[in-house]
Structure formats: structure tokens, C-alpha cells
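# Structural overview
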Amino acid sequence: MNHTTQHSFEPKIIAFVCTWCTYAGADLAGTSRMQYPANVRVLKFPCTGRIDPVFILKAFQQGADGVLVSGCHPGDCHYIAGNFHARRRFAAFRKLLEFIGVDLNRLQFSWVSAAEGGKWVEVVTDLTEKVRAMGPMVEFKELALEEQWSGVIDTPELKEAYNAI
Amino acid sequence: MSRIGVFICHCGENISRTVDVERVAAEIGKHPGVAFSTDYKYMCSDPGQTLLKKAIQEQKLTHVVVAACSPRMHEKTFRKAVEAAGLNPFLCEMANIREHCSWVHENMEEATVKAIDIVGMMVERVKKNRVLPTITVPVTKRALVIGGGIAGIQAALDIADCGHEVILVEREPSIGGHMAQLSETFPTLDCSQCIMTPKMVDVANHPKIKLYTHSEIELVEGYIGNFQVTIKKKARSVDEDKCTGCGVCMTKCPQKKIPNKFDQNIGMRTAIYVPFPQAVPNTPVIDRDNCTWFKTGKCSVCQKVCGPGAVDFEQQDCLVVEAVGAIVVATGFDLYSIAEKPKGSPIKGYGEFGHGKIPDVIDGMTFERLASASGPTGGKILRPSDGKEPKQIVFIQCIGSRAREKGISYCSKVCCMYTAKHTMLYHHKVHDGQAYVFFMDARTPGKSYDEFWRRSIEEEEAVYIRGMVSRLYQKGDKIVVMGSDIAVGVQVEIEADMVVLATAIQPQKGADTLAQKLGISYDKYHFYSEAHAKLRPVECATAGIYLAGACQGPKDIPETVSQASAAAAKVMTLFSRDKLEREPIVARVREAGCVGCFACKKVCAYGAVEEKEIRDRQGNLIKVVAYVNPGVCAGCGTCQATCPSKCVELDGYTDEQIIAMIEAL
Ligand SMILES: Cc1cc2nc3c(=O)[nH]c(=O)nc-3n(C[C@H](O)[C@H](O)[C@H](O)COP(=O)(O)OP(=O)(O)OC[C@H]3O[C@@H](n4cnc5c(N)ncnc54)[C@H](O)[C@@H]3O)c2cc1C
Ligand code: SF4
Ligand code: SF4
């Protein structure tokens, strides 16, 4: 019965989910014995509103190749509006990530309700496949390996920005 | 140094079939900080829990991780077991290796590696867990009910019958609300007064109910279980304790031509008055704007005739403070005014319908007063302009409601039914009359409702015209109503004697101000918002505050009463305990670092964040910081992710705990 899936690269996916909707949706996928790639590690939060963008950066820095943030559907938040705050926060955060050159395909946001075991499987499978095709995320790992920043303003862009102040 | 105990469950074979549990236990055993690691067939079983408790004591464990099913399944079980063994329950975490691992993967190697990761993550997390005390707050077992319509009355009676004291605050001089104004009620056509007044009297006589009429809420402080409410008792000019309700004053008052709001201004009252004969309490009140004494300093006839000497021109507004543990808001609705476009109303006006200019264009509530046996016409349907009986009457539904371009997109819900009722009452009273109804759709869900509506057509001969009215105007003593019948595709023109508009149900004026005092939320129309549309329909998001009746959205009487009883049940659930115990997953502010930007306060949907002054020993203000009230905080953590100075922390989900988990990967 055990079959080994042979892939050259197994991405590491970290999922930040809320307890009430997505965590419960993932539980449902389990009780329904649905199958999905074993690459995902789930971190549970009371609400997506609790998820600090820093956690996402931290995850990439720790070697995640893809990050998933998932909570209740708009309007269904257990805490009334936490997911709206999260949505607003992440809209801005995505821009920042884009600016610093992270391929946004590595970061996925989704709404998965407690009744959507199937959707959880779909979202996780899609993200895993997508990130697998993209290959390992090296940018942040390289950054993490680099020495601390020297404090020298040496790129032309930074110089220009600095002089403009 | 922590001594963590890790317990890997086989769950029969549910986990062990795809996860090599022994290998997981062995690998985790090597993890720094782990003092004890084992696997067992059924951790949740009695012997499983005993194994856990024994290990805690014998191995002197400081933290526990149970790797088994979802925490949504057994977190409570294991935390209880841990507590029984003498550890703080929040030093125990579960690693979900069943729903999130063994059940969703087939490959043993992959599943085992994942399980080791999951357990490792939880081990790192639990190291950072802190002892959390259970939070308890005392409960004052007295309830405040705001609004004395049928909703407030029902809620107050239910709570009081259960033995708890109730403070009922009503803005008007009498309780009763709109239901007291109705003639007969759908779907059974029983007389509203007959079913309403006994309940009003019950309220007045109930030893557990303290009634404040002609009063308003001034200030609400505190939180669930512990509210302090300041009530303003407006001056009545009549001493309630002395007044016997004989009514002599009213017969002698020279001001007799003041339009009575209770009769929709078609009946008249005196300056010292009770709004209607069955008013509760039946103590009169002086309308100071219209009283000769207050205007000119002369008269005082009422004072002279009052036997017990109850009339008191000197009376002042006064404030009383009541301590309560729960609040039921039941402030009901108002009708969109056709007389003049109300200020601040989202509706853009209905000038084309005569808008208060044509006296015989009235609203539904005015029709109720005309049809009421105790109304100004004694129950006869007569035109306000000349007192003649209308032989042709036109009812127009959806005035204001369901007209996005006019301002309101919702359905007022009761108009289809009360218009059907009006056609019946009309037919019962004016046998040779003809009723026409312009309607968009007939919306009659509800027990015996559709049958009732059909009866108005099939037995009471009302003519229903599907379509809207484009214009109406006065022609001699007739009102010409022009509209279209979209079912047949023709224009219709009716020369009517009277027109009744089913105007939109809106929240009470001042609903927003009251909401701000209570700290509850409302929608763009100012209807109050429930915590969850489906699962918590009678609770506000603000703990300890409940909703009943039409203040939450248009409702008929059966629905209003159901919700009121449900709200009462919620209050009684709260009052069933002396102390409130709650999960200590609440946010805490690090005051030293807080800069008082109150970004947290803005995002908190529960109003849990307060402003706290920090003073030095001399009492000089140093700074104002945020303070999270643990009785109110729901534990979502949105404030923490928002705080720019990282000074709010959600217990149980601290940055430390989460970063530790991420770093474990
Ligand atoms: C024309 C018409 C006919 C109807 N006919 C029927 C029918 O036949 N059958 C049926 O089932 N339903 C009928 N209804 C619906 C029915 O009137 C409502 O369902 C019912 O009155 C709602 O009760 P309530 O207590 O929520 O609100 P209300 O009756 O509006 O009572 C609210 C009370 O709160 C008080 N209040 C408001 N604000 C404050 C404040 N800030 N402080 C203190 N007190 C305050 C008000 O003075 C009032 O007494 C009809 C409605 C209309 C408009
Ligand atoms: S104020 Fe005096 S006269 Fe008026 S009802 Fe009360 S007791 Fe009677
Ligand atoms: S955790 Fe949520 S409910 Fe508690 S104070 Fe913060 S924002 Fe408000």
C-alpha cells in the first residue's frame, strides 16, 4: 500500500491558519480520509487577525519554500472582523514582499471554512505543486546566511534615496 | 530547565498504521528539554490518562505534549488530566498527528517524518508556555432591559419570573411600544390590546421588576456581570408615589387640542396626560411645552383638583445609578415618516406620494389607530380630512423598503402581512368598500401566513395589483392614484378616497447614540448587530449585552417574542453562576512600552481595550496607556498583530511561542 512519491525536490510549506475555520476544515479533511502531500506544517492561531507578517518573513527565513495563510470566509469571522483586519494587513504586506523581490506565488491566502475539507486539500495540493515547480526559495536563506549588514550605503538606488531626503 | 513529557498515542491503529509511533517517541526523546517520551495505545482512555498523571508526578514533569488527535477533540480532556496531576492546565499542548497527519497521508516514511516535525514544533512551543490563571469575574444577578415594547416586556417577565431582579427602562410615559397601538394582529386577528395589556399589568405588579418610564439611559460603564448604568428620570411633574391615577386632572386641563402621538396625531390629548387609557403606569405626565403653567405661569388647575396633591411643577430630572450584570436592548423600531422626510434618514423622500401634504394619505400605523376600537374614531375607518367613510381605498406597499435607489435595500418584512390584515379589517368595517393593493411581491413566509394573505384576496375581495405607483394627486376630494399593473402590462388609474402607505420600518431615532453608550455595533441603517447572524442571533458581540425585537431588524410579534425569550434565557444562563469563569486566552498590555497610540483599541471588535492613566506618586499624569479588560477580551489577538510597539500580548499565543514553533521547522 505504501508507495513512495519520487520527486527531486520536496518543498517545505508552512500554513498559518485560524482555529475556527481552516484548522477545523483541515480536521475535516482528516476525518474524511482525504489525501494530500505531506509537505505542509500547520500553525494554529485563534484568528487570522493574530497573524503578524513578521511570522511569514520568519518562516521564509527558516527555510519555508511556500507559506499559506488561511482563515474564515469574509463575514464569517468567529471574532467578527479579525479576518478583515488580516486581509488589509496582508494586502499591504504583499506589496512589501513584492518590493523586496519575493515571488508572490510562494505566498498564498485563502478562505477555508470548517466545512471545506475538500477545499483545504485542494489549496494545499495546489500550493505544494506550484512551489515544487518553482524550486527551492533561496533568496531569504542567502540573506540569513549573510553577515549582518555593514551599514554602508553602497547601491546606487539607496544612495539616491538617501540623498533625496 | 524544563522537563517535558511527550506522549504519543496510537489511537488504536488510526495513527500507528501510517506513523511509526515508536520511532517518533524515540526521536523526540532526544530533543533538548524532553525528559520523558513514550507511546501508548489509547492516551484518552482511563489507563492512558493514569499513565500521563503518573509520569507527571514520578518524572517531575514541567510541561506536557500529547501527540494524538486534534486539540479540538481532546485538548480539554488532557488539560484536565494535567491539572489533576498538579500542573497548570495551560502547560499542556496537543500535537495533531491524526487528522493532520496519519489520516491524510499513506506513505509511512513521509507521515512519520511529518509527525516528528509536528511533535517537535509543539515541544518547542510548550517550553514557552506560561502558567495561566483561570480568570473569574463576579456576576451581579440583576438585569437591565431597555425599551418597554413587547420585546422588552417579554424579556423582563421571563427573567423576573426566574427570580432575578429586572430594571425596565422606557423612554415614553408608558410601556407598550408599537404593539399597544395596533388594532388586531395577524395572523389570528386577535385584539392587540386584549393580549398586550395583561402583560403590561404583569410588569407593573411584578415584585421583581423595577419600572422606570419617561426615562432614558444616560451612561453605561463596566462589563459583563458588572455594569453600572446611569438612568435619567425625566421630570414627570407628577409625584408617582402620591398619584392614584384617578385622572381628574386630565378632565380639567384647559389645553385639550394637543395632537396625541400615540394616536398618530389624529386624536387629541390634554397637556397633563397619559398616552392611552390602559397606560402602565397610569400616572399622568405634564407635557411642559404645551402646559399653560409652564408657558405663562398661570393655570395650575390640575394641581388644584388633584386630591392627593401629586402634581409637582417643581420636579426636576434626576439621575439614578443601577448595578446590573446583563443588559437586554429592546428599543424597537420607528416608521419612516411620510409627513416630512426625517433628518438623517437614508430614504430620499416620497414627494410624489403627497408626502404629508394630502391629509388622506396616511401610513399603516395611522390605519391601525383608525381601526382600533379604543382609537380616536372608536374603530370606524374615517378620513382624517372630513370624517367621511372611504369607499375606495388604496394600499401601497414597499414605501421606502426594497428601493435601493431611494435609500433602503432591505425588506421591512411585516408590511405584506399587515396590509393584508388592513384589507380585511377594512372589508369588515366598510362592507360596500373596495380595497386595492399595489405590491411588488407578496412575502408571507410564516406559520399560517400565506393562508392569511390568500384570504384577503379570496374572501375579503381585495384587488392586488402587481406594480408600483408612479404618482398620486388630489382631485377634488379624491386622490388619483396612477400606477402600472406589470402582470397584465397596463396602466391603471384609481380614484381613491384614502391611501395607506406601508412605510419602511427603521430603527428608533437615537439608536446610534444608545449603541455608542452601550459599546455595541450597528449596521448602516442603525439596526443593532448580533454577534453571529446564524449561531448567536440574540447576543451582541459585546459580552453581557443581548438583543430582542425590532431594534435588530424588522420583525413581527411572534418573532419578537421568541427572540425576547431567547435573550432572557441567555441572561439566565449567565445568572446561573456566581462567578464567570473563562479561558485565560486574553490580551495583556506591557504598559512600560505602550505609547498610547490606541491602534489596538481601534481594531478590537469587542471594545475590550480601555484607556488607563498612569500617574506618579504625587498624582501627576505620566501617560495614558492601553488596558485590556480580561472580562471583555475575546482573545482573537488582532490587537497584538496591530500594535506598532509590540506591547500587547495574547496569552497562549505569544510571539515567543509562535517564533519557537517556526524555528523548530
Ligand atoms: C402598521 C403595523 C402593523 C403591524 N401589525 C402587526 C400584526 O398584526 N402582527 C404582528 O405580529 N406584528 C405586527 N407589526 C409588527 C409589530 O409592531 C412589531 O413586531 C413589534 O411591535 C416589535 O416590538 P418591539 O418591542 O421590538 O418594538 P417596539 O414596539 O417599537 O417597542 C420599543 C420600545 O422601546 C422604547 N424605546 C425606544 N428607544 C428607547 C430608548 N433609547 N430608551 C428607552 N426606551 C426606548 C420605545 O418607546 C418602545 O416602547 C406591525 C407593525 C406595523 C408598523
Ligand atoms: S395627578 Fe392627581 S388628579 Fe391627576 S391622576 Fe394623579 S391623583 Fe389623579
Ligand atoms: S485579543 Fe481581540 S478581543 Fe482581546 S483585546 Fe485584543 S483585539 Fe480585543
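These figures come from a predicted structure and were not determined experimentally.

### Some remarks on the overall build of chain B
For chain B, the helix and strand inventory stands at 18 helices and 34 strands. For 665 residues, the compact-globule estimate of 2.2 N^0.38 gives 26 Å, and chain B exceeds it by more than 25% at 33 Å. Seen through its principal axes, chain B has C-alpha atoms that stretch 100 × 70 × 45 Å. Counting every position in chain B, which comprises 665 residues, the buried fraction comes to 55%. Long-range pairs, those at least 24 residues apart, make up 69% of the contacts in chain B with a sequence separation of at least 6. Within the structure as shown, chain B displays about 27,800 Å² of accessible surface, and the carbon and sulfur contribution to it stands at 52%. Each charge class in chain B can be summarised by its mean position, and for the 80 positive and 78 negative side chains these summaries are 4 Å apart.

### Considering the domain arrangement of chain B
Segmenting chain B into domains produces domain 1 (4-127), domain 2 (142-234 + 317-332 + 508-575), domain 3 (248-305), domain 4 (337-506) and domain 5 (587-663). Placing the centre of domain 3 of chain B and that of domain 5 of chain B at their C-alpha centroids yields a distance of 54 Å.

### Here we look at unusual backbone geometry
Residue and element names in this part refer to chain B. A cis amide bond, omega -5°, links Phe 186 with the succeeding residue Pro 187. Position of Pro 187 among the secondary structure elements: in the loop between strand 8 (184-185) and strand 9 (190-191). A positive phi angle, close to 65°, is found at Ser 448, a residue other than glycine. Topologically, Ser 448 is positioned in the loop between strand 22 (434-439) and helix 13 (449-458).

### Observations regarding the sheet that holds strand 2 (residues 40-45) of chain A
Residue and element names in this part refer to chain A. Taken together, the 4 strands give an open sheet; going across it, the order is 2-1-3-4, and neighbouring strands pair in parallel fashion. Lying at the two open borders of the sheet, with one neighbouring strand each, are strand 2 and strand 4 (107-111). Pairwise comparison of adjacent strand axes, ignoring direction, gives a mean angle of 20° for this sheet. Sheet analysis places strand 1 (residues 13-18) next to strand 2, joined by 6 bridges and oriented parallel. Its bridge partner lying in strand 2, Val 17 is registered against Lys 44. Here helix 4 (residues 117-134) sits on the sheet and contacts strand 1, strand 2, strand 3 (66-71) and strand 4; the angle it forms with strand 3, its principal contact strand, is near 160°.

### Overview of the packing of helix 5 (residues 108-127) of chain B against helix 18 (residues 655-663) of chain B
The geometry of a pair of packed helices is captured by two quantities: the angle between their axes and the separation between those axes. All names here are of chain B. Running from N to C, helix 5 and helix 18 point in directions that differ by 150°, and their axes come no closer than 8 Å. For the element pair helix 5 / helix 18, the angle class is roughly antiparallel. Considering only the axes of helix 5 and helix 18, their crossing is right-handed. Of helix 18, the residues touching helix 5 (which contributes Met 121, Met 122, Glu 124 and Arg 125) are Gln 657, Ala 660 and Met 661. Counted by class, the contact of helix 5 with helix 18 contains 4 nonpolar, 1 polar and 2 charged residues.

### Quick look at the pairing of strand 12 (residues 226-233) of chain B
Residues and elements named next belong to chain B. By the bridge criterion, 8 bridges tie strand 11 (residues 215-223) to strand 12 in an arrangement that is antiparallel. The residue bridging Ile 217 from the neighbouring strand is Ile 231, located in strand 12. Taken together, strand 11 and the strand that follows it, strand 12, pair antiparallel across an intervening segment of 2 residues, in which Gly 225 is found at a positive phi of about 85°. Pairing between strand 12 and strand 17 (residues 318-324): 7 bridges, direction antiparallel.

### Focus: the sheet that holds strand 26 (residues 490-496) of chain B
Residues and elements named next belong to chain B. Across the sheet, which stays open at both edges, the 3 strands sit in the order 24-25-26 with antiparallel pairing between neighbours. Since the sheet does not close on itself, it has two edges, and those belong to strand 24 (469-475) and strand 26, each with one partner. Pairs of neighbouring strands in the sheet enclose a mean axial angle of 20°, with direction left out of account. Pairing of strand 25 (residues 478-485) with strand 26, which is carried by 7 bridges, proceeds in the antiparallel orientation. Counterpart to Val 481 in the pairing with strand 26 is Ile 494.

### Quick look at the state of the cysteines
Counting across every chain of the model gives 2 disulfides over all chains. Paired by a disulfide, Cys 21 of chain A and Cys 72 of chain A hold their sulfur atoms 2.3 Å apart. Taking the sign of the torsion about the S-S bond as the criterion, the disulfide between Cys 21 of chain A and Cys 72 of chain A, at about 100°, is right-handed. Of this pair, Cys 21 of chain A sits in helix 1 (residues 19-31) while Cys 72 of chain A is found in the loop between strand 3 and helix 3 (82-99), placing the two residues 51 residues apart along the sequence. When its relative accessible area of 10% is taken as the criterion, Cys 21 of chain A is described as buried. According to the relative accessible area criterion, Cys 72 of chain A is buried, its value standing at 3%. You can see Cys 44 of chain B has no disulfide; the closest cysteine sulfur is in Cys 9 of chain B, sitting 6.1 Å from it. The cysteine Cys 411 of chain B is free of any disulfide, with Cys 416 of chain B supplying the nearest cysteine sulfur at 6.2 Å.

### Side note on the nonpolar core
If you look at the biggest cluster of nonpolar residues, it comprises 101 residues, and the most contacted ones within it are Val 328, Phe 367, Val 394, Ile 396, Leu 472, Val 481 and Val 499 of chain B. The element contributing the most residues to this core is helix 6 (residues 150-161) of chain B, with 8 residues. If near-sequence neighbours (up to four positions away) are discounted, Phe 367 of chain B is found in contact with Ile 362, Ile 381, Ile 393, Phe 395, His 422, Tyr 426, Met 498 and Val 500 of chain B. Ranked by size, the runner-up nonpolar core spans 99 residues in total, among them Ile 56 of chain A together with Phe 7, Met 94 and Cys 101 of chain B.

Cut-off values and rules
- Residues numbered from 1 in each chain as written.
- Chains lettered and ligands numbered in written order.
- Predicted model: local features only at pLDDT ≥ 70, side-chain atom pairs only at ≥ 80, totals over all residues.
- Heavy atoms only, no water.
- Helix = DSSP H or I, 4+ residues; strand = E, 2+ residues; numbered from the N terminus.
- Rg over C-alpha atoms; globule rule 2.2 N^0.38 Å.
- Buried < 20%, exposed > 50% of the residue type's maximum accessible area, 1.4 Å probe, protein only.
- Contact = heavy atoms within 4.5 Å.
- Areas by Shrake-Rupley, 256 points an atom, 1.4 Å probe, with all protein chains shown as cover.
- Lys, Arg positive; Asp, Glu negative; His and termini not counted.
- Charge placed at Lys NZ, Arg CZ, Asp CG, Glu CD.
- Domains from an automatic or database assignment.
- Pairing = 2+ DSSP bridges.
- Axes fitted to C-alpha atoms, helices over the stretch in contact; angles between N-to-C directions.
- Parallel < 35°, antiparallel > 145°, perpendicular 65-115°, else oblique.
- Left-handed = near helix turned anticlockwise from the far one by under 90°.
- Nonpolar A, V, L, I, M, F, W, Y, C, P; charged D, E, K, R; others polar.
- Disulfide = S-S within 2.5 Å.
- Core = buried A, V, L, I, M, F, W, Y, C linked by side-chain atoms within 4.5 Å.

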